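Per-entry structural report
Take a look at the letters that make up each chain.
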Amino acid sequence: MISLRNIAMLWVTLLLIAISVAAVLASRALAVIEINKLLDNELQQIALNAGSGLYTGIHQLISHMEDENRISVQVWDDNGALIHENPMAMRLPQQPASGFHDLTFKGNSWRVYTANDGKHTTQAAQRWSARTEIANHTALAAAVPVLAALPIAWIAIVLGVNALLAR
């Protein structure tokens, strides 16, 4: 025969697991939204501020980065001639309109920001895989406290149910 205590503990445990999973998924979804806002802002700032007079030593710093983490920056004149690009990053096709775009190029997915002032078109792009990696690491960091609290909460509930049923 199954005791009332065991049934209560089973339901409480299942409820804690369901709530924890929902909290972890919600943490990841919120982290993805916030990180994409941050990274979109980075792409926008790079595109608006990059130019051909960049310090050449920066290219040496960029060469030590993983390919996945490199941001592709390109600048074209009003005739469509390429006047600047990050030599360490992939050359992507020029996007036809200003703003954010998603692009798949040579097997990689990219998030692209294009700005046009009438004289120049500047484009900055970042691989989606780099964004996903950051989001997953952030979500994991957010999930660790939830997952660590689960056994503590379960012990507290066990003690509480035992005290309640002992009466």
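Our structure's up above, just so we're on the same page.
Residues numbered from 1 in each chain as written. Predicted model: local features only at pLDDT ≥ 70, side-chain atom pairs only at ≥ 80, totals over all residues. Heavy atoms only, no water.

Across its full length, the protein chain holds three helices and five strands. Overall, the protein chain shows an N-to-C arrangement of helices and strands of α-α-β-β-β-β-β-α. With 167 residues in all, the protein chain has 30% of them scored as buried. Counted over contacts in the protein chain with a minimum sequence separation of 6, partners at least 24 positions apart contribute 56%. Of the roughly 10,400 Å² that the protein chain leaves accessible, carbon and sulfur atoms contribute 64%. (Helix = DSSP H or I, 4+ residues; strand = E, 2+ residues; numbered from the N terminus. Buried < 20%, exposed > 50% of the residue type's maximum accessible area, 1.4 Å probe, protein only. Contact = heavy atoms within 4.5 Å. Areas by Shrake-Rupley, 256 points an atom, 1.4 Å probe, with all protein chains shown as cover.)

The strand order across the open sheet built from five strands is β2-β1-β5-β4-β3, with neighbouring strands paired in antiparallel fashion. A single partner strand is all that each edge strand has here, and the edge strands are β2 (82–85) and β3 (99–105). Direction aside, the axes of adjacent strands within the sheet are offset by 25 degrees on average. Across three bridges, the pairing between strand β1 (residues 72–77) and β2 is antiparallel. Residue pairing for β2: W76 is matched across the bridge by L82. The strands touched by helix α3 (residues 128–166) within the sheet are β3, β4 (108–116) and β5 (120–127), with β5 carrying the most contacts at an inclination of about 50 degrees. (Pairing = 2+ DSSP bridges. Axes fitted to C-alpha atoms, helices over the stretch in contact; angles between N-to-C directions.)

What the rule picks out here adds up to four salt bridges. Here D40 and R111 are joined by a salt bridge, their closest N and O atoms 3.1 Å apart. Taken together, the residues span a long stretch of sequence, with D40 in helix α1 (residues 4–49) and R111 in strand β4 at a distance of 71 residues. R111 sits in the buried class, given a relative accessible area of 15%. For R111, the salt bridge goes to D102, with nearest N and O atoms at 3.2 Å. On the basis of relative accessible area, D102 is assigned to the exposed category, the value being 52%. The network of salt bridges with common partners includes D40, D102, R111 and R131. (Salt bridge = Lys/Arg side-chain N within 4 Å of Asp/Glu carboxyl O.)

Next up on the list: the nonpolar core. It is characteristic of soluble globular proteins that their nonpolar side chains tend to be buried jointly. Counting residues in each nonpolar core, the largest one holds six residues, listed as L43, I71, V73, Y113, A115 and A124. Filtering out sequence-adjacent residues up to four positions away, L43 remains in contact with I71, R111, Y113, A124, A125, Q126 and R131. Counting residues in hydrophobic clusters, the runner-up holds five residues, among them L92, L103, W110 and V112. (Core = buried A, V, L, I, M, F, W, Y, C linked by side-chain atoms within 4.5 Å.)

One turn of the α-helix equals 3.6 residues, which is why residues spaced by three or four share an orientation. When the terminal C-alpha atoms of α3 are compared, their 56 Å separation across 39 residues agrees well with the 57 Å that a helix rising 1.5 Å per residue should span. Roughly 30 degrees is the biggest bend found in α3, and it falls at A143, with proline P145 one to four residues downstream. Within α3, burial applies to A130, R131, A135, A139, A143, V158 and V161. (Expected span 1.5 Å × (residues − 1). Bend = angle between axes of the 7 residues up to and from the residue.)

Our focus in this paragraph is the packing of aromatic side chains. Tallying each qualifying case throughout the model produces one aromatic pair. Pairing F100 with Y113 gives two aromatic rings, centres 4.7 Å apart and planes at 55 degrees, and the pair type is tilted. With F100 in strand β3 and Y113 in strand β4, this pair connects stretches of sequence that are 13 residues apart. The ring centre of W128 lies 5.0 Å from the NZ or CZ of R131, which sits over that ring. (Phe/Tyr/Trp six-rings, centres within 6.5 Å; stacked < 30°, edge-to-face > 60°. Lys NZ or Arg CZ within 6 Å of the ring centre and 35° of its normal.)

Just geometry here; none of it tells us what the structure is for.
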